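Coordinate analysis (summary)
The lines below spell out each chain.
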Amino acid sequence: MPKKEMPAGALVLLILRVLRSGPLHGYAIAQRIHTLSSEVLHVEEGALYPALQRILLQGWVTSDWGISETNRKVRFYELTPAGRQQLEAEMSGYDRVHEAIQAVLRTA
């Protein structure tokens, strides 16, 4: 299947959402998004790590070094309470935009 580009602004929402279930390292975040999207969405490292750094600086996640399932030293990211609030705000905003787009598509 050809790669689909991530819709603008969606990456932060998806990262926060997959971290809601627990801490993950960067590669696992990308893989989780890929798997949960039925292999439609691909998260490139060049987009993932800058986004993780931005949300880390915002205080929406914390990070700690640990060992991956493949015995590699990796940085695990975990959602903070502020991150959970941001996730709810991002999901609410996304729902409103999605419903507006669907309304136009149904009625135009």
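Here the structure is a predicted model, which is why all the values come from computation and not from measurement. (Residues numbered from 1 in each chain as written. Predicted model: local features only at pLDDT ≥ 70, side-chain atom pairs only at ≥ 80, totals over all residues. Heavy atoms only, no water.)

Right, let's talk about the pairing of strand β3 (residues 73-79) for a bit. Two elements, strand β1 (residues 24-25) and β3, share two bridges in a ladder whose sense is antiparallel. Bridged to L24 within β3 is Y77. In the sheet, strand β2 (residues 61-67) pairs with β3 via seven bridges, with the strands oriented antiparallel. Among the inter-strand pairings, G66 is bridged to a residue of β3, identified as V74. A loop of five residues connects β2 with β3, the two strands running antiparallel in sequence, and N71 in this loop sits at a positive phi of about 65 degrees. (Pairing = 2+ DSSP bridges. Helix = DSSP H or I, 4+ residues; strand = E, 2+ residues; numbered from the N terminus.)

What follows is about the UniProt feature "domain: Transcription regulator PadR N-terminal" (unreviewed entry) in the protein chain. Mapped onto this numbering, the UniProt entry gives "domain: Transcription regulator PadR N-terminal" (unreviewed entry) at residues 15-88. The span residues 15-88 carries 50% helix and 22% strand; its end-to-end C-alpha distance comes to 13 Å. (UniProt positions renumbered as here; feature names shortened; annotations may be inferred.)

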